[in-house]
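# Breakdown of the fold
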Amino acid sequence: MKIGIIGGGFAGLTAAYDLLKAGHQVTVFEAAPQVGGLASGFKAPGWDWSLERFYHHIFTTDADIIALAKAIGAEDLLFFNQQNTAFFCPEHGAHAVTTLGILRYPHLPFLDRIRFGVSGLQLKLRNDWQRLERITAEQHMTRWAGKRAYQELWQPLFDGKFGPYASQVNAAWIWARGKSRSFKLGYFKGGFQAFADALAAYVSKIGGSLKLNAPVQRLEQIDGGWRVFTNGVEDQFDRVIVASAPGVLMKLAPELPAEYTDKLKLLKSIGAVVMVATLKQPLLTNGVYWLNITKGALPFLALVEHTNMIPARHYGGDRVIYCGDYLPTDHRYFTMSDEDVTNEWLASLKTANPNFDPSWVKQTWLFREAYAQPIVPLNHSRNLPSLRTPLDGLFFASMNHVYPWDRGTNFAVELGHRVAREVASSGVTA
Ligand SMILES: Cc1cc2nc3c(=O)[nH]c(=O)nc-3n(C[C@H](O)[C@H](O)[C@H](O)COP(=O)(O)OP(=O)(O)OC[C@H]3O[C@@H](n4cnc5c(N)ncnc54)[C@H](O)[C@@H]3O)c2cc1C
C-alpha cells in the first residue's frame, strides 16, 4: 500500500519504520523543520549536543524505545544514570524523594509515612488498572495513604500537573506512573533529537520519503484512498495516519461522523509553558536533577537542572535549567510576552537558591505547547476513539491513545507499532 503519515514525532516515525519493513511505500509529512515532535531539540552556538525544548528522559522500564534503538543500531546513543529527585516547599525546603527520604520526612506523622510507602508498594504490585480507572486518584490515595499524606505529598503534584482538572484524574494514572518508572533515568548522546534524527535516517535508508516543513493543510477522501494537500502540492495514498493531536485530525477531516468527533471532543488536555535558561554556575548545588515545586511556592511546577544529569561540557560549559508548568491554554502565561514570563520566573529563582543572582543568566528561551498532557478522567478507556476512524483508510494515533500509560516517547513508539499493525491488517483481503 501507499501510506501517508502526518506527523514526524516518535509515533509517526515508528509507524513509518514498521510499515516500510512490511513492504509498504511510506511518506511522512512533518510541519516542523525537524523530526521529533514534542521531544525535538535545538542547539545553541557552541553546544555539541541538542537540548529538548521540553525536559526529557526515559526509564529503564521503557522497553519499546530501547528495543527500537537496538533495532536501528542506535543503542550506543542510549545511557542510564541514577538521578536525584526532590520536592520543594517554602516551609521544608528541598526534600529527597527516596524511600529513606520519605521515611525521614518530619512534617508527616510516622504512621502516615508508613501508609504512604505501603500505598505506593500496593500500587506497584497491582495489575488491575481497569478497576482503578473507576475511582479518582484522590479517592484512592486518601483511602490508602491517608488524607494527610495525600494533601502533603500527592495533592501538590496533582494540582500542579492538572490544574483545574486535578480532582477528575483517575487512579489508573497514578498506577501507571508507579508501574512504568524506574529510579535510573536514560538519555541519548546528542539529545532526543539525535535519536529522532537516527530514526528518520533509518526510515529514509529503508525507502521512506520524509517531507519536512510540510504542514498538511487538507485531506480529501477519494475512491479507495486519500488526497493529501501540503504547500500547494497534492499526493495520493491508500491509507493515511494522522499521528498528532485530536485538534489536528478534526481540522484535517471535518467530515468525520459525529459519533467519532464527539469522542474526540471529550479528550481533554492541558498545555505546558517551559523556560530554558543557561547559567554561569549551578543553581541546585545539592546535585538535584528534578525538583517538584509545591503549587504556589514558585510560579512554576518543576525546576529541572539538566546539567545535574548531563555534563555541562556538552553545552559549551553552561549550566542548563528548565522551569516548567502545566496550564490551561487560557492561562495568562499563554498570552504574556516571552520576556514578561521569563522575567517573572527568573525573579523567583532566589527562592530555590538564595544566592542566585540575575547576572548568572546567560540566555533564555521560552516554549509553549497547547497539547502537552492528556487528562484521564473516570472510565477513560470507554471514551477513547479507535485508531481506525469510521472513514475508510483514515487512522488516528495521539498521545491520548497510550492510555493507561502516561504520555511519553516510549509509549509513542509502542503506539506507532500498534497503529502500523492496524493499517497493515486493513490492507489484507480475505
Ligand atoms: C513538557 C513535556 C515534558 C515531557 N517529558 C517527557 C519525558 O521526560 N520523557 C518522555 O519520554 N516523554 C516526555 N514527554 C512526552 C513526549 O514528548 C510525547 O509523549 C511524545 O513525544 C509524543 O510523540 P507523538 O509522536 O505521539 O506526538 P508529537 O511528538 O506531538 O508529534 C506530532 C507531530 O505532528 C506534527 N504535525 C502537527 N500537525 C501537522 C500537520 N498539519 N502536518 C504535518 N505535521 C503536523 C507536529 O509538528 C509534531 O511533530 C514530555 C512532553 C512534554 C510536553
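All of the points below concern the structure found in this document. Keep in mind it's a predicted model, so treat the numbers as computed, not measured. (Residues numbered from 1 in each chain as written. Predicted model: local features only at pLDDT ≥ 70, side-chain atom pairs only at ≥ 80, totals over all residues.)

### Focus on the overall build of the chain
- Helix and strand content of the chain: 15 helices and 20 strands.
- Taking 430 residues into account, the globule formula puts the C-alpha radius of gyration at 22 Å, and the chain, at 22 Å, falls close to it.
- With the principal axes as the frame, the chain shows a C-alpha extent of 65 × 50 × 40 Å.
- Of all 430 residues assigned to the chain, the portion counted as buried reaches 46%.
- For the chain, contacts bridging at least 24 residues in sequence account for 73% of all contacts bridging at least 6. (Helix = DSSP H or I, 4+ residues; strand = E, 2+ residues; numbered from the N terminus. Rg over C-alpha atoms; globule rule 2.2 N^0.38 Å. Buried ≥ 20, exposed ≤ 12 C-beta atoms within 10 Å, placed from the backbone. Contact = placed C-beta atoms within 7 Å.)

### Overview of the site of the ligand
- Around the ligand, the structure places 35 residues, and the nearest of them are Gly-7, Gly-9, Ala-11, Gly-37 and Leu-38.
- Breaking the shell around the ligand down by element, the ones donating at least two residues are α1 (10-21), β15 (269-279), β19 (361-374) and α15 (409-426).
- Tallied by class, the residues present in the shell around the ligand amount to 20 nonpolar, 12 polar and 3 charged. (Near = placed C-beta within 6 Å. Nonpolar A, V, L, I, M, F, W, Y, C, P; charged D, E, K, R; others polar.)

### What to know about the pairing of strand β1 (residues 2-6)
- In terms of residue burial, β1 counts as a mostly covered element, since 4 of its 5 residues are buried.
- With 5 bridges connecting them, β1 and strand β2 (residues 25-29) associate as parallel partners. From the neighbouring strand, Ile-5 faces β2, where its bridge partner is Val-28.
- Crossover β1 to β2 through α1 is right-handed.
- In this structure, β1 lies alongside strand β14 (residues 239-242), joined through 4 bridges in parallel fashion. Along β14, the bridge assignment pairs Ile-5 with Ile-241. (Pairing = 2+ DSSP bridges. Right-handed = clockwise from strand over helix to strand, strands pointing away.)

### Things to note about the nonpolar core
- Judged by nonpolar contacts, the single largest core of 126 residues is most densely connected at Ile-5, Leu-13, Ala-16, Val-240, Ile-241 and Leu-291.
- Counting the residues that make up this core, at least three belong to each of domain 1 (2-81 + 189-265 + 379-426) and domain 2 (99-180).
- With sequence-adjacent residues up to four places away left out, Leu-13 is seen in contact with Gly-8, Val-28, Val-35, Ala-196, Leu-199, Ala-200, Val-203 and Gly-416. (Core = buried A, V, L, I, M, F, W, Y, C linked by C-beta atoms within 7 Å. Domains from an automatic or database assignment.)

### Looking at the sheet that holds strand β12 (residues 225-230)
- Read from one edge of the open sheet, 3 strands run β11-β12-β13, paired in antiparallel fashion. Among the strands making up the open sheet, the edge pair consists of β11 (216-222) and β13 (233-237). Here the average twist between neighbouring strands, direction ignored, is 20°. (Axes fitted to C-alpha atoms, helices over the stretch in contact; angles between N-to-C directions.)

### Looking at the pairing of strand β16 (residues 290-293)
- With burial as the criterion, each face of β16 is covered, one bearing Trp-290 and Asn-292 and the other bearing Leu-291 and Ile-293.
- Of the pairings in the sheet, the one linking β16 to strand β17 (residues 302-305) comprises 3 bridges and is antiparallel in character. Note on β17: the bridge partner recorded for Asn-292 is Ala-302.

### What about the sheet that holds β1?
- With parallel pairing, 5 strands are arranged side by side in an open sheet as β10-β2-β1-β14-β20. With partners counted over all chains shown, the strands left at the sheet margins are β10 (209-211) and β20 (394-396), one partner each. Going across the sheet, the axis of each strand differs from the next one's by a mean of 15°, ignoring polarity.
- Lying over the sheet, α15 contacts β1, β14 and β20, oriented at roughly 165° with respect to β14.

### Looking at the packing of helix α4 (residues 110-125) against helix α6 (residues 137-145)
- α6 packs onto α4 with a crossing angle of 125° between their chain directions and a minimal axis gap of 8 Å. On the basis of the axis angle, α4 is oblique to α6. The segment α4 lies against α6, with Arg-115, Phe-116, Ser-119 and Gln-122 engaging Met-141, Trp-144 and Ala-145.
- Taken together, the residues of the contact of α4 with α6 sort by class into 4 nonpolar, 2 polar and 1 charged. (Parallel < 35°, antiparallel > 145°, perpendicular 65-115°, else oblique.)

Everything listed here is a matter of geometry and, on its own, says nothing about what the molecule does.
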